[in-house]
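What follows is the residue order along each chain.
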Amino acid sequence: MSDYRARLSTLIDRERGAYTASHPRSAAAFQNSAGNLLGGVPMTWMRMWSGGFPLYLATASGARLTDIDGNSYVDFCLGDTGAMAGHSPAEVQEAVARRFGELGGATTMLPTEDAAWVAAELTRRFGPTYWSFTLTATDANRWAIRLARQLTGRQKILVYSYCYHGSVDETFIITTPYGPAARAGNVGAPVDPSETTRVCEFNDADALERELSHGDVAAVLMEPALTNIGIVLPEPGYLDAVRALTREHGTVLINDETHTFSAGPGGCTAAWGLEPDMVTIGKSIAGGIPAGAYGLSAELADRIMADKSADIEDTGGVGGTLAGNALSVATMRATLEHVLTDAAFAAMIATADRYTAGVREVIESRKLPWNIVQLGARAEYRFCPQPPRTGGESAAAADTDLDEYLHLYLINRGILLTPFHNMALMCPQTTDADADYHATVFAQAAGDLLE
Ligand SMILES: Cc1ncc(COP(=O)(O)O)c(C=O)c1O
């Protein structure tokens with residue numbers, strides 16, 4: 001591994017050349033998009049793909065995707081979790097056809113009967129008794145935070161360093177040796193996030209206690225395992241300490257299960273027997289149709305409904321015109337009832353076990369100073385010998401050159417990983433052969449690096 005750095009730029013050039021050669025139509029489409037699209041793409045994150053331009057989508061089904069150049073891929077990106085149910089699952093297609101086509105009326109500001117079924121199912125899976133719907137996980141987090149502030153009369157929230165909870169103003173903050181600081185590149189922040197937010201490292205109960213003891217934290221908004229800075233798992237006892245400390249300090253505990261849903265049908269909350277006061281979720285729960293949800297314990301829900309100073313029906317800052325619309329509720333029902341079922345999770349997790357074992361075998365047999373961490377149906381390799389314990393440690397292990405090399409190497413051989421770091425997710429249609437194919441190509445990529 002000693003002089004792989006010297007080889008890396010040559011290998012990246014080689015893979016960039018192959019990428020450009022095999023994607024002429026995507027390259028042209030990107031050039032043609034430059035005129036009126038901000039950044040040349042429909043949404044600026046789509047610039048994150050390695051290779052200088054994104055692939056343009058032609059078709060997608062299950063765990064497979066094709067681009068407009070006719071290349072096909074095993075898709076472990078799955079829309080950065082939005083397509084964890086697989087692309088266009090048949091039952092969700094049927095729900096769309098029925099609700100939008102046959103019955104008609106996606107957006108009416110009227111409830112449909114599907115909503116009660118979905119809420120009961122979310123209660124069965126995650127615990128909280130009362131649910132309300134959004135269109136994104138970001139909005140679920142925003143509105144959960146507002147409710148927590150209203151309920152506690154406190155202004156601040158607490159998040160973990162290098163967390164990601166969507167484009168929520170309060171969350172773009174990290175710890176530094178000099179104190180809390182806004183994350184680099186924080187666009188047009190309304191105020192310095194240290195005015196709204198306390199921050200500490202994951203897996204550090206003392207730091208959490210210190211921050212909560214100020215008595216001004218309405219809510220801890222957390223993923224039970226960090227997933228957006230690589231996967232950082234909680235150490236034994238840590239989540240118990242979080243629950244005990246939040247209870248002791250009168251702080252609402254919000255589990256954001258948007259990504260950690262990969263841990264099982266009820267996310268980490270059910271898999272690890274957690275007892276948050278609120279749960280938020282989005283992305284995958286409607287099989288790729290925009291939808292999100294937040295759930296509250298009965299006690300919190302009763303208090304908010306009885307609070308005459310909280311306008312949750314009109315312009316009080318909680319709600320959205322298209323949220324809970326008939327189409328997204330119908331597709332949530334189809335996804336939860338028929339696609340991301342308990343049985344589907346068992347199979348997805350077994351495939352992820354195989355994916356992880358394959359990568360681990362390559363890392364160990366080649367003595368690479370890397371590691372892989374699994375969270376149910378999701379796994380991620382990171383370029384440091386031991387799994388990081390905190391967001392800060394994981395951020396320090398980032399290696400953009402290695403990321404680019406591996407992403408391009410895999411794309412050029414028909415495999416998509418999430419463009420952000422090295423996250424791979426299994427959907428119900430991902431096969432053992434897909435996992436094995438990834439391990440084979442990963443071994444070749446490591447072999448080329450070590451030559
Ligand atoms: C844990 C978590 N919460 C919330 C979000 C926000 O999701 P969305 O961008 O769909 O609103 C994300 C997005 O990556 C996420 O990872």
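Our subject is the structure that appears above.
This write-up is about the structure you can find in this document. (Residues numbered from 1 in each chain as written. Predicted model: local features only at pLDDT ≥ 70, side-chain atom pairs only at ≥ 80, totals over all residues. Heavy atoms only, no water.)

### Considerations on the overall build of the chain
Applicable threshold: Helix and strand definitions follow DSSP, with helices as H or I runs of at least four residues and strands as E runs of at least two, each counted in order from the N terminus. Here the globule rule reads 2.2 Å times residues to the power 0.38, and the radius of gyration is calculated from C-alpha atoms. Residues count as neighbours in contact if any of their non-hydrogen atoms are within 4.5 Å of one another. Per-residue accessibility takes into account occlusion by the displayed protein chains alone, with areas from the Shrake-Rupley method and a 1.4 Å probe. Positive charge is attributed to Lys and Arg, negative charge to Asp and Glu, and no charge count is given to His or to the chain ends. To locate a charge, take atom NZ for lysine, CZ for arginine, CG for aspartate or CD for glutamate.
The helix and strand inventory of the chain stands at 14 helices and 16 strands. Relative to a compact globule of 451 residues, whose C-alpha radius of gyration would be 22 Å, the chain shows 22 Å and is just as compact. When the backbone C-alpha atoms are referred to their principal axes, the chain occupies close to 65 × 60 × 45 Å. Within the chain, contacts between residues separated by at least 24 positions form 73% of all contacts whose residues are at least 6 apart in sequence. By element, 53% of the accessible surface of the chain is carried by carbon and sulfur atoms, the whole surface being about 18,800 Å². Here the chain holds 33 positive side-chain charges and 54 negative ones, and the gap between their average locations is 2 Å.

### Digging into the nonpolar core
Applied cut-off: Nonpolar cores were defined as sets of buried Ala, Val, Leu, Ile, Met, Phe, Trp, Tyr and Cys residues, with membership established by side-chain atoms within 4.5 Å. Remark: exposure states derive from per-residue accessible area (1.4 Å probe, protein chains only) relative to the maximum for the residue type, with buried under 20%, exposed over 50%, and partly exposed in between.
Core analysis: the largest hydrophobic core is formed by 65 residues, its most contacted members being Phe 261, Tyr 355, Trp 370, Tyr 381 and Tyr 405. With eight residues, helix α11 (residues 342-365) is the largest single contributor of residues to this core. Membership of the second largest hydrophobic core comes to 26 residues, among which are Trp 143, Leu 147, Leu 151 and Val 252.

### Details of helix α6 (residues 205-212)
Inclusion rule: As used here, the arc belongs to the directions running from the helix axis to the C-beta atoms. The definition of a polar contact used here is a pair of N or O atoms within 3.5 Å, where within protein one atom must be able to donate a hydrogen and the other to accept one, and adjacent residues in sequence count solely through side-chain atom pairs.
Along α6, the residues classified as buried are Ala 207, Leu 208, Glu 211 and Leu 212. Down the axis of α6, the sector holding all buried residues measures 130°, keeping them to one side. Looking at the buried residues of α6, the elements they touch are β5 (156-160), β8 (197-200), β9 (217-222) and α7 (238-248). A side-chain oxygen of the first residue of α6 lies 3.3 Å from the backbone nitrogen of Asp 206; this N-cap is Asp 204.

### Considering the site of the ligand
For clarity, the threshold we go by: Each residue is tested against the molecule or strand, and it is near if at least one of its non-hydrogen atoms lies within 4 Å.
As a structural note, the neighbourhood of the ligand is formed by 13 residues, with Thr 138, Asn 228, Asp 256, His 259 and Lys 283 the closest of them. Between an oxygen atom of the ligand and a side-chain N or O atom of Asn 228, the distance comes to 2.9 Å. A distance of 3.2 Å separates an oxygen atom of the ligand from a polar atom in the side chain of His 259. For the ligand, whose unbound accessible area comes to 390 Å², protein coverage reaches 89%. In terms of residue count, helix α5 (residues 137-152) provides more of the shell around the ligand than any other element does, three residues in total.

### Description of the environment of Glu 91
Structurally, Glu 91 is set in helix α3 (residues 90-103). Considered as a pair, Glu 91 and Ser 284 are 193 residues apart in the sequence and their alpha carbons are 14 Å apart. Residues contacting Glu 91, with those up to four places away along its chain left out, are Ala 334, His 338 and Val 339.

### Describing the sheet that holds strand β16 (residues 423-425)
Heads up, the condition is: Two strands pair if DSSP finds at least two bridges between them. Orientation is described by axes fitted as lines to C-alpha atoms, over the contacting stretch for helices, and by angles from 0 to 180 degrees between their N-to-C directions.
Across the sheet, three strands lie side by side as β13-β14-β16; this open sheet has antiparallel pairing. Each edge of the sheet is formed by a strand with only one pairing partner; in this case those strands are β13 (371-375) and β16. Here the strands of the sheet are splayed against their neighbours by 20° on average, with no regard to which way each runs. Across three bridges, strand β14 (residues 378-382) lies against β16 in antiparallel orientation. Paired with Ala 379 across the two strands is Ala 424, which belongs to β16.

### Quick word on the sheet that holds strand β15 (residues 415-416)
Taken in spatial order, the four strands make up an open sheet running β1-β2-β3-β15, and their pairing is mixed. Both edges of this open sheet fall to β1 (57-61) and β15, since each of them pairs with a single strand only. Of the pairings in the sheet, the one linking β1 to strand β2 (residues 64-67) comprises four bridges and is antiparallel in character. Counted as the bridge partner of Thr 59 is Thr 66 from β2.

### Observations regarding helix α14 (residues 432-450)
The line we're drawing: Helix span, expected: 1.5 Å multiplied by one less than the number of residues in the helix.
Under the 1.5 Å per step criterion, the end-to-end length of α14 is 27 Å for 19 residues, consistent within 8% with the ideal 27 Å. Here α14 has its buried residues at Asp 434, Ala 435, His 438, Ala 439, Val 441, Phe 442, Ala 443, Ala 445, Ala 446, Gly 447, Asp 448 and Leu 449.

### So, the pattern of salt bridges
Pairing is possible between side chains that carry opposite charge, provided their charged atoms lie close to one another. Quick note on the threshold: Just to be clear on terms, a salt bridge is a Lys or Arg side-chain nitrogen sitting within 4 Å of an Asp or Glu carboxyl oxygen.
Considering all chains together, one arrives at 26 salt bridges under this definition. Between Asp 139 and Arg 142 there is a salt bridge; the shortest N-O distance is 2.7 Å. Remark: Arg 142 and Asp 139 occur in helix α5; sequence separation between them is three residues, near one turn of the helix. Among the charged side chains, a network of salt bridges with common partners joins Arg 14, Glu 15, Arg 413 and Asp 448.

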